Amino acid sequence: MRVYRERLGAPASWWLAGALCVFIFGTLTWAGFTVAIGIDVYLGLGALVASALLIWGAVVIEVTASELRVGSQRLALSEVSEVSALDVDQTTALRGPRADAAAYLLVRPYLPESVYVAVAGRPAGRPYWLIGTRHPAELAAAIETAGPGRHRDGRVPIGPGDRVQ
């Protein structure tokens, strides 16, 4: 069962900027050649830009009942210890000066906000994940509440007196 799904496609402004670049570079490259060569230049540059933007935006974030999938990476929800939706300033800090080189970062320049996911036990290989998203509050809530045996507030039951709601 899928709880949350988001595709991180490139925004329309990037497509417009790409089209403008194709027009400018195509015109510069085509100058002095035949119309057939000009058409080939525009088509080739357009295909290059379109494929780059499609590949760049093909990443999917998905939360299921048992795991978090970000692109090709997977994290079992049982390994999640803390989840926080971050604002622009917090995201900038964790992308740059406060970043851990071992952390998994999925960031895009057009996604100013993110979600911080701490891995239980803070293993040296991947102490946390920083996931850029358009909807940080919804993604954080989906991660906190998904998974078998979790409370509505995101806690995992720890003993016989701690009942699942």
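Residues numbered from 1 in each chain as written. Predicted model: local features only at pLDDT ≥ 70, side-chain atom pairs only at ≥ 80, totals over all residues. Heavy atoms only, no water.

Participant: Whenever I open this one, the overall build of the protein confuses me. Can you help?
Facilitator: From N to C terminus, the protein includes 4 helices and 8 strands. The linear arrangement of helices and strands in the protein, starting from the amino end, is β-α-α-β-β-β-β-α-β-β-β-α. The buried share of the protein, reckoned over its 165 residues, is 35%. Taking the intrachain contacts of the protein between residues at least 6 apart in sequence as the baseline, contacts between residues at least 24 apart amount to 61%. Accessible surface, the protein as shown: approximately 9,500 Å² in total, 63% of it carbon and sulfur. (Helix = DSSP H or I, 4+ residues; strand = E, 2+ residues; numbered from the N terminus. Buried < 20%, exposed > 50% of the residue type's maximum accessible area, 1.4 Å probe, protein only. Contact = heavy atoms within 4.5 Å. Areas by Shrake-Rupley, 256 points an atom, 1.4 Å probe, with all protein chains shown as cover.)

Participant: Explain the sheet that holds strand S6 (residues 104-106) to me, please; I cannot follow it from the model alone.
Facilitator: Adjacent strands of a sheet form backbone hydrogen bonds with each other and so pair up, either parallel or antiparallel. An order of S5-S7-S8-S6 is seen for the 4 strands of this open sheet, with the pairing classed as mixed. Strands with a single pairing partner mark the edges of an open sheet, and in this sheet they are strand S5 (80-86) and S6. For this sheet, the mean inter-axis angle between neighbouring strands, taken without regard to orientation, is 10°. Judged from the 5 bridges that link them, strand S7 (residues 114-119) and strand S8 (residues 128-132) form a sheet pairing that is antiparallel. What sits directly across from Val115, in S8, is Ile131. Docked against the sheet, helix H4 (residues 136-145) engages S5, S7 and S8, running at close to 165° with respect to S5. (Pairing = 2+ DSSP bridges. Axes fitted to C-alpha atoms, helices over the stretch in contact; angles between N-to-C directions.)

Participant: Sorry if this is basic, but what is going on with the sheet that holds strand S4 (residues 73-76) here?
Facilitator: Spatially, 4 strands are ordered S1-S2-S3-S4 in an open sheet, and the strand pairing comes out antiparallel. Of all the strands in the sheet, the pair left with one neighbour each is strand S1 (2-7) and S4. Taken pair by pair, the neighbouring strands of this sheet meet at an average axis angle of 10°, ignoring direction. Bridge count for strand S2 (residues 60-64) against strand S3 (residues 67-70) is 3 bridges, and the pairing is antiparallel. Note that in S3 the partner of Val63 across the bridge is Leu68.

Participant: Sorry if this is basic, but what is going on with the pattern of salt bridges here?
Facilitator: Evaluated as defined, the whole model comprises 4 salt bridges. Taken together, the shared-partner salt bridges connect Arg5, Glu62, Glu67, Arg69 and Arg74 into one network. (Salt bridge = Lys/Arg side-chain N within 4 Å of Asp/Glu carboxyl O.)

Participant: Which parts of the structure should I look at to understand the nonpolar core?
Facilitator: Side chains of a nonpolar character, in soluble globular proteins, are inclined to be buried together. Counting residues in each nonpolar core, the largest one holds 27 residues, and the members touching the most others are Val63, Leu68, Val117, Trp129, Ile131 and Ile143. Among the secondary structure elements, those contributing two or more residues to this core are S2, S3, S5, S6, S7, S8 and H4. A total of 4 residues in this core trace back to one element, the largest contributor, which is H4. Residues in contact with Leu68, not counting those within four places in the same chain, are Ile61, Glu62, Val63, Gln73, Arg74, Leu75, Leu77, Val117, Trp129, Ile131 and Ile143. Leu94, Ala103, Tyr116 and Ala118 belong to the second-largest nonpolar core, a separate cluster that totals 7 residues. (Core = buried A, V, L, I, M, F, W, Y, C linked by side-chain atoms within 4.5 Å.)

Participant: Hey, could you run me through the packing of aromatic side chains in this one?
Facilitator: Describing an aromatic ring pair means giving the distance of the ring centres and the angle of the ring planes. Within this structure, the stated rule accounts for 4 aromatic pairs. Here the aromatic rings of Trp30 and Tyr42 are separated by 6.0 Å at their centres, their planes lie at 65°, and the arrangement is edge-to-face. Taken as a pair, Trp30 in helix H1 (residues 12-30) and Tyr42 in helix H2 (residues 35-56) lie far apart in primary sequence, 12 residues in all. Among the residues examined, Tyr42 registers a relative accessible area of 23% and is labelled partly exposed. A centroid spacing of 5.1 Å and a plane angle of 35° characterise the contact between Tyr116 and Tyr128, whose relative ring orientation is tilted. One end of the pair, Tyr116, is in strand S7; the other, Tyr128, is in strand S8, and 12 residues separate them in sequence. Of the residues examined, Tyr116 reaches a relative accessible area of 13% and is grouped as buried. (Phe/Tyr/Trp six-rings, centres within 6.5 Å; stacked < 30°, edge-to-face > 60°.)

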